[in-house]
There are 2 protein chains.
Amino acid sequence: MNLTEKMEKLYAVQSRLSAYSHAMSLIFYDGATTAPKKTAENRAHALGILSEESYKISTSDEVVSLLEELDGEKEALCEKDRRVVELMYRDIKEMKQIPMNEYVAYEELLVKADDVWHRAKETNDFPLFAPVLEEIFATQKRFAKYCAPDMKPYDYCLNKFEEGLTCEKCDEFFSALRSRLVPLIAKITSAPQVDDSIAHGTFPADEQEKFSYELMRTIGIDTDLCGLGTTEHPFTTSIGSHRDVRITTNYKEDNFTHSMYSVIHEGGHALYDMNSDDSFAYTVLDGGVSMGIHESQSRFYENLIGRSLPFCRFIFPAVQKCFPEQTRGYTAEDLYRAVNLVTPSLIRTEADEVTYCLHVMIRYELERRVMTDELKVCDLPAEWNRLYKEYLGVDVPDDRHGVLQDSHWSGGGIGYFPSYALGSAYGAQLLAEMRKTVDVDACLASGDFTAINEWNRQNIWRHGCMKTPSELLKNALGTDFDPTFYTDYLEKKYSDIYGI
Amino acid sequence: MNLTEKMEKLYAVQSRLSAYSHAMSLIFYDGATTAPKKTAENRAHALGILSEESYKISTSDEVVSLLEELDGEKEALCEKDRRVVELMYRDIKEMKQIPMNEYVAYEELLVKADDVWHRAKETNDFPLFAPVLEEIFATQKRFAKYCAPDMKPYDYCLNKFEEGLTCEKCDEFFSALRSRLVPLIAKITSAPQVDDSIAHGTFPADEQEKFSYELMRTIGIDTDLCGLGTTEHPFTTSIGSHRDVRITTNYKEDNFTHSMYSVIHEGGHALYDMNSDDSFAYTVLDGGVSMGIHESQSRFYENLIGRSLPFCRFIFPAVQKCFPEQTRGYTAEDLYRAVNLVTPSLIRTEADEVTYCLHVMIRYELERRVMTDELKVCDLPAEWNRLYKEYLGVDVPDDRHGVLQDSHWSGGGIGYFPSYALGSAYGAQLLAEMRKTVDVDACLASGDFTAINEWNRQNIWRHGCMKTPSELLKNALGTDFDPTFYTDYLEKKYSDIYGI
């Protein structure tokens, strides 16, 4: 086989694998949205087998030796092919370290865990969830030993979501954030509170759903290529390729802004996934490169522009049209203040921009300590509650509003949370860079996202996984990442809103 | 390997294949219910690969020689294992006759056809659909030649839905039906028409949806194991095993009885699928044995008991509760008459019990003639319209209400339609047999389906694919199939309703 033939063969393997990924993503999506309640075991059966089949293809002698050969000849490859080989070889070398039975057992465990977590949250029963969570942590520790024996186990976890991230970098980043945010929060909480009564009332889910589609179209999503579902915990997933993406939301009938910003957040993820270079479909280059970059896009749309005054002014007539009775007598400025109310609270997904990173830090600290065996899974609820009191000054009434609130751990996403804070900070710096060439406020005022999306497409989306997260950022920003863009942005915005 | 080990290996193969079936059913279900509109090609990509993978497993040398060996030793196998070997060996011998590239191309064609048919129906554009339909018929003819060179091609098609069925048997059956139904319809249409105004009005889809779940539970479906979706054309599918089943319906907001009986019909299919012996999960014995038997169950619940007077009396208070304004002043007897109104019409799925089989005969005649090259696909609309005029006396206004109405052909279901008529007739004879030991009317009067379902479970459902359709029927009926049970039932019921 010559080099061209070898690459063709490798692309055929990726295409095959994408069909398994299509099936597994859809089974997961279906389980979270429409599957009947008692069918989790049946799903686990199929997922176990499909992940085994997919694992076998990936790690087959044929594929491994193909990659070894191509890795040896990588100087002769074009940039795209070289990156494909690099990514696949890295992942497969890692995968080969994990015994297949453990790999498959873990996939099955995650399906079961999702079901158990849902029930545990519904019934406020952490002890029900604890044994599977323990097994998830134990598996992650084992996998870390297999795959990255020279790395700290928690660094291994962090790296799966953000290549190059370490505990040390996280500590530094969070400490920079903390030093600016804690005094800001103190100032805000001693200032008079803003009025958010516009957000409260009765907002039927079906009206909110119609509004969700309008929001998706407003930010530039083609709803014929991106679906919307309803789940306990909102998420975004692509189905097999960037040519079919699904977002989900959760409607609270007493507050329409909850789902509104959830849809814009997931919409940001969707835009990133949907706009990979079309030639990347059915290859490992398709979709977002890391969760940090992903969150930079989702939180960019949600907060940096979604919660800006020009966007609130633009979207307010649509809000009024959907909820005419409920919003009578209010203005766009009322909406702006309501969606930027800062108040230490219990639920991360409902947290404001300023306190948000403290929610993330708590999770970071807890999962890191479990991974280093400094904390037992059974002690998570008590530690969670203690840290919420310490960091945010709130009393956690029960585990549903505490340690059971997020789906990440049950999905195996240990090491994921720091991405939210990092992404938020990336986003602020990206916005500052974008403003150099795009009149962002004018775009938002007219509700025309073309120039904003085009900037993101050129600088972030189209690259898929071609660049590492840090290469991508450096390329887009022209300089190194610096979290002060984010803290500056927060200080300025909230000083204005709270008049401090 | 000893015999036990060989059978274990064969069950492992079936388990693997069930995961592919899970994925493919779900991708199809998702495409029909919730997938974004422009994602059909992405689905076709995944389905093409998954069907290829599944085909490769089924027809691998390893599996084929395993089956050959087991076939040679079948006398030593228990009844269950013997049936497994028989079914798999039969299907795989057939499959091996079809070149893999043609098999995969056909799977991809069907995904495309589903999309094209939806668009053609929406825009009343038969010429858009004709080329893919032509390709589907051409493929069926080719497959028939490969797999059953000694059979008439259309008999090959019939056999895929009802083992042992032939054109000759169909002709005989339909002629028996025709001789009794045509005079009955003539009598009914000259009698005064019943009043069906209770069915008409405005019935919001979301209210109908709530009622659908109540209907499902009434007939004994555990809605935690069986989901409900909304599609253009209602259908039932199991997802990987009988442990996860989905039905769909379509709401007409001007007539609640349409979806009501659609849900009961699909509910009958679901009950059959869901109640296979639990040990059959992830084997080829799982689920219904043929479409004829399947329709005997669906049309049993829909018509034989669903449109009976005792059931109408039982369900009427629930109808009133869902639609209090719309049903004010009506009685259960009004509902009974309305859902049994006989009138020659355009749409099969909305047809009454008496004219229903004429709709089936038209489709039977047309597809048979296309399969024998007596009719071209492009001439289907004209012939369709001519036969509707001849058989039912109605003028077809456009192809949406004519040849494009059903999804069967676009799904490759050539040879399927006769099952509906056969199943209806099986059902009537099964009911007569059931009445010997079960007080069916008393069960329906109290809305307690336990004894009815238990009879069906014992005699039909639990057997899965253990027996051939004719063995199963003979076993349940204690005698041969005889369509006069059906025509007797129709004559008696409708003579009473129409006072003729």
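Rules of the game
- Residues numbered from 1 in each chain as written.
- Chains lettered and ligands numbered in written order.
- Predicted model: local features only at pLDDT ≥ 70, side-chain atom pairs only at ≥ 80, totals over all residues.
- Helix = DSSP H or I, 4+ residues; strand = E, 2+ residues; numbered from the N terminus.
- Contact = placed C-beta atoms within 7 Å.
- Buried ≥ 20, exposed ≤ 12 C-beta atoms within 10 Å, placed from the backbone.
- Least-squares fit on C-alpha atoms with pLDDT ≥ 70 in both.
- Expected span 1.5 Å × (residues − 1).
- Bend = angle between axes of the 7 residues up to and from the residue.
- Pairing = 2+ DSSP bridges.
- Axes fitted to C-alpha atoms, helices over the stretch in contact; angles between N-to-C directions.
- Nonpolar A, V, L, I, M, F, W, Y, C, P; charged D, E, K, R; others polar.
- Parallel < 35°, antiparallel > 145°, perpendicular 65-115°, else oblique.
- Left-handed = near helix turned anticlockwise from the far one by under 90°.
- Domains from an automatic or database assignment.

## Some points on the overall build of chain A
In step 1: If you tally the helices and strands in chain A, you get 20 helices and three strands.
In step 2: The dimensions of chain A, computed from C-alpha atoms along their principal axes, are 70 × 50 × 45 Å.
In step 3: Considering only intrachain contacts with a sequence separation of at least 6, the fraction spanning at least 24 residues in chain A is 72%.

## Things to note about the environment of Gln297(A)
All names here are of chain A.
In step 1: Checked against the element boundaries, glutamine 297 lands in helix α11 (residues 291-305).
In step 2: For glutamine 297, a count of 26 C-beta atoms within 10 Å puts it in the buried group.
In step 3: What glutamine 297 contacts, discounting residues up to four positions off in sequence, is Gly268, His269, Leu271, Tyr272, Asn456 and Ile460.

## Notes on the relation of the copies chain B and chain A
In step 1: The transform that puts chain B on chain A rotates by 180° and translates by 0.0 Å along the axis, for an RMSD of 0.0 Å. Taken together, the rotation and translation relating the two chain copies correspond to the operation of a two-fold axis. In terms of C-alpha distance to the rotation axis, chain B has Ala23(B) as its closest residue, with the C-alpha 2.7 Å off the axis.
In step 2: Most of the interface of chain B is mirrored in chain A: 100% of its interface residues are interface residues there too.

## Things to note about helix α12 (residues 309-322) of chain A
Along an α-helix, a turn takes 3.6 residues, which lines up residues three or four apart on a common side.
All names here are of chain A.
In step 1: Across its 14 residues, α12 extends 20 Å between first and last C-alpha, which sits within 8% of the 20 Å expected from 1.5 Å per residue.
In step 2: The largest bend in α12 is about 40°, located at isoleucine 315, with the proline proline 317 one to four residues further on.
In step 3: All buried positions along α12 are accounted for by Phe311, Cys312, Ile315 and Val319.
In step 4: Lining the buried residues of α12 we find α11, α13 (332-338) and α17 (440-446).

## A word on the pairing of strand β3 (residues 241-249) of chain A
All names here are of chain A.
In step 1: The element β3 is largely enclosed, with a buried count of nine among its nine residues.
In step 2: For strand β1 (residues 226-230) and β3, the ladder comprises five bridges, and the chain directions are parallel. Among the inter-strand pairings, glycine 229 is bridged to a residue of β3, identified as threonine 248.
In step 3: Where strand β2 (residues 236-239) lies against β3, four bridges are found, and the strand directions are antiparallel. Its bridge partner being in β3, serine 238 is matched across the sheet by valine 245.

## What about the sheet that holds strand β1 (residues 226-230) of chain B?
All names here are of chain B.
In step 1: In spatial order, the strands read β1-β3-β2; together these three strands make up an open sheet with mixed pairing. Two strands in the sheet have a free side with no partner beyond their single neighbour: β1 and β2 (236-238). Recorded for the sheet is a direction-independent mean angle of 25° between the axes of neighbouring strands.
In step 2: Relative to the sheet, helix α1 (residues 3-33) contacts β1, β2 and β3 (245-249), its axis offset from that of β2 by approximately 150°.

## Focus on the sheet that holds β2(A)
All names here are of chain A.
In step 1: Here we have three strands laid out as an open sheet, ordered β1-β3-β2, and mixed in their pairing. Each edge of the open sheet is held by one strand with a lone partner, namely β1 and β2. Neighbour-to-neighbour, the strand axes of this sheet turn through a mean angle of 30°, independent of strand direction.
In step 2: On top of the sheet, helix α1 (residues 3-33) reaches β1, β2 and β3; it is set at about 140° to β2, its chief contact.

## Considering helix α20 (residues 484-498) of chain B
Residue and element names in this part refer to chain B.
In step 1: Over its 15 residues, α20 runs 21 Å from end to end, which matches the ideal 21 Å to within 8%, given 1.5 Å per residue.
In step 2: Buried positions along α20 lie against α8 (167-190), α14 (353-371) and α16 (418-435).
In step 3: The positive-phi residue at the C-terminal boundary of α20 is glycine 499, with phi of around 55°.

## Thoughts on the interface of chain B and chain A
In step 1: Counting residues at the interface gives 30 residues for chain B, matched by 30 residues for chain A.
In step 2: Contributing elements (two or more residues each) for the side of chain B that touches chain A: α1, α2 (40-58) and β1 of chain B.
In step 3: The element best represented in the side of chain B that touches chain A is α1(B), accounting for eight residues.
In step 4: Of the residues belonging to the side of chain B that touches chain A, the class tally is 12 nonpolar, 11 polar and seven charged.

## A closer look at the packing of α1(B) against α2(B)
All names here are of chain B.
In step 1: The interhelical angle for the contact between α1 and α2, taken along N-to-C directions, is 165°, at an axis separation of 10 Å. With respect to α2, the element α1 is oriented roughly antiparallel. Both α1 and α2 take part in a crossing whose hand is left-handed. On the side of α1, the interface is formed by Val13, Arg16, Leu17, Tyr20, Ala23, Met24, Ile27 and Gly31, while α2 contributes Ala40, Arg43, Ala46, Leu47, Leu50, Ser51, Glu53, Ser54, Ile57 and Ser58.
In step 2: Here the contact of α1 with α2 is built from residues that sort into 11 nonpolar, four polar and three charged.

## Some remarks on the domain arrangement of chain A
Residues and elements named next belong to chain A.
In step 1: Parsing chain A into structural domains produces domain 1 (3-141) and domain 2 (167-498).
In step 2: Centre-to-centre, using C-alpha coordinates, domain 1 lies 27 Å away from domain 2.
In step 3: At the junction of the two partners, domain 1 supplies 34 residues and domain 2 supplies 33 residues.
In step 4: Put simply, the parts of the chain that give the side of domain 1 that touches domain 2 at least two residues each are α1, α4 (79-97), α5 (100-123) and α6 (126-147).
In step 5: Counting residues per element, the side of domain 1 that touches domain 2 draws most heavily on α1, which supplies 13 residues.
In step 6: Partitioned by chemical class, the residues of the side of domain 1 that touches domain 2 number 19 nonpolar, 10 polar and five charged.

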